[in-house]
Amino acid sequence: MISKRLISSAVYAFKPDGQYILPASQQVGRSLTDTPARKIRKFKTKGALKRSLLLSISSDPPWKANPDYARQDQDSFFGKLTIFNKTKEPIVIMSIDSDYRLIGDKEYVNTESCKPEPNLPITVEPLKSVEVSLCIEVLRSDKMADLKLKWWGRALVARDRPIRFRIRVSDMEEEEGYLVTEYVNVNHQPTKKSDDSLAFFYLDDFDRLLRFNVEVEYDTQLTVKNLGIYLSPERMHMIAYKAIKAGISEYALDVEVSSSVEQFQAQVWALIDFKCRRIYALKILMRPKDEYPQTSAVLGYVLCPDYGNNGELRSISMAQETVQFPTLEPETRMEYEQDDTFDDEVVDNPASLISAVVTNSSKIISDAVDTHASVQQGIQNIGSFDQLGIVLESKLTSIDVKLERTVTALERTANAIEGLAAMLKTLALHQSKEQ
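Because the structure is predicted, anything quoted here is derived from the model rather than measured.

## Regarding the packing of aromatic side chains
Moving on, step 1. Under the criterion given, the structure shown has eight aromatic pairs.
Moving on, step 2. Their ring planes at 85° and their centres at 6.3 Å tell us that Tyr 69 and Phe 78 sit as a pair that is edge-to-face.
Moving on, step 3. Overall, the relative accessible area of 37% leaves Tyr 69 in the partly exposed class.
Moving on, step 4. By relative accessible area, Phe 78 is classed as partly exposed at 27%.
Moving on, step 5. Ring geometry for Tyr 108 versus Phe 342: centroids 6.2 Å apart, planes at 50°, classification tilted. Of the two residues, Tyr 108 sits in the loop between β7 (91-102) and β8 (109-110) while Phe 342 sits in the loop between β22 (309-314) and α4 (350-380), which places them 234 residues apart along the sequence.
Moving on, step 6. Among the residues examined, Tyr 108 registers a relative accessible area of 12% and is labelled buried.

Encoded structure:
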């Protein structure tokens, strides 16, 4: 064992007479982001019950994934469905169910479960709404389940692409209406460099969406966080002494990587200036473990702070480095679609929609003109106050009829405009994909 007295008498950290110029750090690999893939889209009620019910998601955000508990084999989504009765008769909701698909898939499949609260059946009164809390459970694929991850606040099944749910509502006559809604994954902010740290290096695990980072700090000692390295000035004297004695200027240090880091490994070397008898820098290599594809790596350098000078100036000498940046494999990864037109409105004849808009708009104007002219003619025909009530009654009846026709024409026009807008949106999305 080397005594402290021997070290202090044999090794001095002399002052360097120049600056240490370190190689540039190198990093290859993708980086996690904390921004979602895109904004959440909204869809309208469809199915036979769309004439009677209006379905909407009232929770904000629409769905929360694993907010209170998490499992390794599935993800749970929580949201609130509002059911509005547009008719003048009560409607009894007998069942609420769900299926799902991932963006890019061509069909919906059943969810593991869809649990409404309150329990069904429930009655929706005329022109009233009820709010139903939903918990939808979706099983993970075998590959995802093998990761044995419990995720809170986000969903592993939606890691690569958004997921869409089709909420199906049925009444006593077994007529069905449904609403398409979607969940876009929430990406947590990855760990970033602290303001007072000397250096920060990282590699990102895109299977688990985790960041393995190494941060170097200095207070009373030099600390390499997440690698279990703590270097006091005395400890640095000891390492320099051992390295000089062994004739090794690139001296490997012992590291301790947490067992929670599944994919990556790290090595650290102290770079020794033999002339000034000091550690002048740390060299850190991070890369995947041998059993993983070698597609990313970091080779970083950190200049050590000044320590333990005895006042004598000496010229500097750089370490003889043998460890180089590793040779990497090209990364092959699946590119997933983030949106599609599967649930968009289908328009068979755009020309008929445009014609409907023009026709209904013309009818609205014509009815309004006729109503105005009829009222004016009625006023002119009034011969006495005795006839006023009779004339007003007949004209009001006529106005009611024409107003009802006008409302119907407006509804048809609105539907035609909505269809036209959906068509244009679909065409634009197809053109963007082709480009």
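Still more ground to cover, so stick around.
## Thoughts on unusual backbone geometry
Moving on, step 1. Residue Pro 61 is bonded to the preceding Asp 60 through a cis peptide linkage, with omega at 0°.
Moving on, step 2. Turning to its location among the elements, Pro 61 is positioned in the loop between β4 (53-57) and β5 (64-65).
Moving on, step 3. At the junction of Glu 117 and Pro 118, the peptide bond is cis and its omega measures out at 10° in the coordinates.
Moving on, step 4. The topology assignment puts Pro 118 in the loop between β9 (113-117) and β10 (122-124).
Moving on, step 5. Positioned with a positive phi, Leu 209 is a non-glycine residue whose angle comes to about 55°.
Moving on, step 6. Along the chain, Leu 209 turns up in the loop between β14 (199-205) and β15 (210-218).
Moving on, step 7. Here Leu 209 falls in the buried class, since its relative accessible area comes to 12%.
Moving on, step 8. Here the phi dihedral of Arg 277 falls at roughly 55°; this positive angle occurs in a residue that is not glycine.

## Things to note about the sheet that holds strand β20 (residues 278-288)
Moving on, step 1. Pairing is antiparallel across the open sheet formed by five strands, whose spatial order is β2-β21-β20-β19-β18. In the strand order of this sheet, the two ends are held by β2 (26-28) and β18 (250-253), each with one partner. Shown here is a sheet whose adjacent strand axes are inclined to one another by a mean of 25°, direction ignored.
Moving on, step 2. In this sheet, strand β21 (residues 297-303) lies alongside β2 in antiparallel orientation, the contact comprising three bridges. Each bridged residue has a counterpart across the sheet, and for Gln 26 the counterpart in β21 is Leu 299.

The rules we used
Residues numbered from 1 in each chain as written. Predicted model: local features only at pLDDT ≥ 70, side-chain atom pairs only at ≥ 80, totals over all residues. Heavy atoms only, no water. Phe/Tyr/Trp six-rings, centres within 6.5 Å; stacked < 30°, edge-to-face > 60°. Buried < 20%, exposed > 50% of the residue type's maximum accessible area, 1.4 Å probe, protein only. Helix = DSSP H or I, 4+ residues; strand = E, 2+ residues; numbered from the N terminus. Pairing = 2+ DSSP bridges. Axes fitted to C-alpha atoms, helices over the stretch in contact; angles between N-to-C directions.

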